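What follows is the residue order along each chain.
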Amino acid sequence: MTDKAIQLFKNKYQCCGCNACEMVCGKKAITMIEDEYGFRFPQIDTDKCVGCGSCLKVCCINNEAELRKPETVYAASYKNKDISAKSASGGIFAALAKQVLTEGGIVFGSAYTEQFDVEVVPIEKIEDLPRLQGSKYVQSDINDTFLQVRTDLKNGRKVLFSGTPCQIAGLRLFLRKPYDNLFTIDLVCHGVPSPFFFKKNLTFLEKEYGDHVVDFKFRAKKKSGWRSYVKYVFNQRKPIWDFLGKNYYTHAFHLGYFNRASCYTCDFSRSERVGDITLSDFWGAEKHCRSLKKARKWGFNLVMCNTPQGRSLYETVLKYVESMECPVEWAIQGDVRLRHTEQRPGMRDKAYKLLSEKGYAYMS
């Protein structure tokens, strides 16, 4: 116990929920607690806290992350269309993950639980890869995966960890030193919406269609190719295909209504990146290169290799992908999130108020 209380953050803009502070605490004095909208924030038990300050040293908002300019930039897609069909864009994450798994490594990424919580989980088998594929526009819970990553790295295993830039920054600060067997992928992030709102959306859909939702795909692909589709999979009735943005939750996601407060002041929305590799959709690339117009039908990735380590991993999958080197300016021009963070919309507070007073069905 310490007489001087540690303050991890002064307001909700100063916490991204990466869990690094909880995992680094040797006294287990920190617990992540959900607020009224499902976002997790650390709470310190002052009876257990000894005031060592380890939690402050791993906070990616209070500490400057090491950011790097991309060394090389590519427009790329996985040649294996059976696997890339399950991906949101070009399937490059699947190609990289499959390579690491084939070498006996372990891959960490976001997956749904049976209750539709989104959690970062490890996989060790290629057949489990579909769990990590596809966009999940909900903040994922890290749980204790940083501890698992550290153990795997010390045991000499090759580790691939994919997440939002703040999660990658938190992991690097938690580990305190570089590892030759760690490879990180950061995503060009639009912001992380509330798990609470996502659950409200699922409840609404089940009432609307009279059946239990068993899967929710934010960026689904039809046999005709890539489009901005959402797919609702039910227990008994046929799946429903909808356009991304028509459903109120996905509409609000694009406008940033339900994002975590820290997303509106995010310091990672820039072209300098924290991961070894950055992945995203390569928006606008076909404006500069006509050959990419045809590739857009099936989707292709923006791949930014930001470190020699990232480039070395990407080179191991080159024979499995269609890849074209591009100027980084194409990527920056095509995506505002590589230039600056998106502002907090005026509708955000109203959206929360309407949910509280009128309910989700009224908003939909």
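The written sequence of each chain sets the order in which its residues are numbered from 1. In view of the model being predicted, local features appear only for residues whose pLDDT reaches at least 70, and side-chain atom pairs are presented and counted only at 80 or more, with totals across whole chains, interfaces and linings using the full set of residues. Side-chain calculation: all heavy atoms of the structure are included, whereas hydrogens and water are not.

## Let's talk about the overall build of the protein chain
Threshold: The way it works is that DSSP assigns letters per residue, a run of H or I at least four long becomes a helix, a run of E at least two long becomes a strand, and they are numbered from the N terminus. Note that the radius of gyration is over C-alpha atoms, with the globule rule given as 2.2 Å times the number of residues to the power 0.38. Under the scheme applied here, a residue whose accessible area is under 20% of the maximum for its type counts as buried, over 50% as exposed, and between as partly exposed, the area being computed with a 1.4 Å probe on protein chains only. Any two residues whose heavy atoms approach within 4.5 Å are treated as being in contact. The Shrake-Rupley method, run with a 1.4 Å probe, gives the accessible areas here. Residue values count only the displayed protein chains as cover. His residues and chain termini do not enter the charge count, which takes Lys and Arg as positive and Asp and Glu as negative. Charged side chains are reduced to one point each, which is NZ for Lys, CZ for Arg, CG for Asp and CD for Glu.
Broken down by element type, the protein chain carries 13 helices and 13 strands. Relative to its length of 364 residues, the protein chain is compact, with a C-alpha radius of gyration of 20 Å against a globular reference of 21 Å. When its C-alpha atoms are laid out on the principal axes, the protein chain stretches across 65 × 50 × 35 Å. Looking at the protein chain as a whole, 55% of its 364 residues qualify as buried. Long-range contacts, defined here as pairs at least 24 residues apart, represent 69% of the contacts in the protein chain between residues at least 6 apart. Entry remark: accessible area of the protein chain is about 17400 Å², with carbon and sulfur atoms responsible for 48%. Taking the 55 positively charged and 41 negatively charged side chains of the protein chain as two groups, their mean positions are separated by 4 Å.

## Brief notes about the environment of Lys79
Under the convention used in this document: Here a polar contact means two N or O atoms within 3.5 Å. Within protein one must be a hydrogen donor candidate and the other an acceptor candidate, and residues neighboring in sequence count only if both atoms are side-chain atoms.
Relative to the assigned elements, Lys79 resides in the loop between strand E3 (72-78) and helix H3 (81-84). Exposure remark for Lys79: the relative accessible area of 46% places this residue in the partly exposed category. Within the structure, the side chain of Lys79 is placed 3.4 Å from the backbone oxygen of Lys319, a separation counted as a polar contact.

## Points about the packing of aromatic side chains
Here a ring pair, both rings aromatic, is described through the centre-centre distance and the interplanar angle of the planes. Formally: Pairing of aromatic rings covers Phe, Tyr and Trp, the last through its six-membered ring, and needs centres within 6.5 Å; plane angles under 30 degrees mean stacked, over 60 mean edge-to-face, and all others mean tilted. Consider the ring centre and the ring normal. A charge sits over the ring if Lys NZ or Arg CZ is within 6 Å of that centre and within 35 degrees of that normal.
Tallied over the full model, the rule gives 32 aromatic pairs. Here Tyr37 and Tyr352 contribute two aromatic rings whose centre-to-centre distance is 3.9 Å and whose plane-to-plane angle is 45 degrees, an arrangement assigned as tilted. With Tyr37 in the loop between strand E1 (30-34) and strand E2 (40-44) and Tyr352 in helix H12 (residues 347-358), this pair connects stretches of sequence that are 315 residues apart. When the ring centre of Tyr112 is taken as reference, the NZ or CZ atom of Lys136 above it lies at 5.9 Å. In this arrangement the basic side chain of Arg237 is found over the ring face of Phe234, its NZ or CZ atom lying 5.8 Å from the centre.

## Quick notes on the sheet that holds strand E11 (residues 277-281)
Here is the rule: Strand pairing is assigned whenever DSSP detects at least two bridges linking the two strands. Axis angles are defined between N-to-C directions and span 0 to 180 degrees, where every axis is a line fitted to C-alpha atoms and, for a helix, only to the segment in contact.
Taking strand neighbours across the sheet as the criterion, the eight strands line up as E5-E4-E6-E7-E11-E12-E3-E13 in an open arrangement whose pairing is mixed. Of all strands in the sheet, those with a lone pairing partner are strand E5 (118-123) and strand E13 (321-326), marking the two edges. The average undirected angle you get between the axes of adjacent strands in this sheet is 25 degrees. In this structure, E3 lies alongside E13, joined through six bridges in antiparallel fashion. The partner of Tyr74 across the bridge, within E13, is Glu325.

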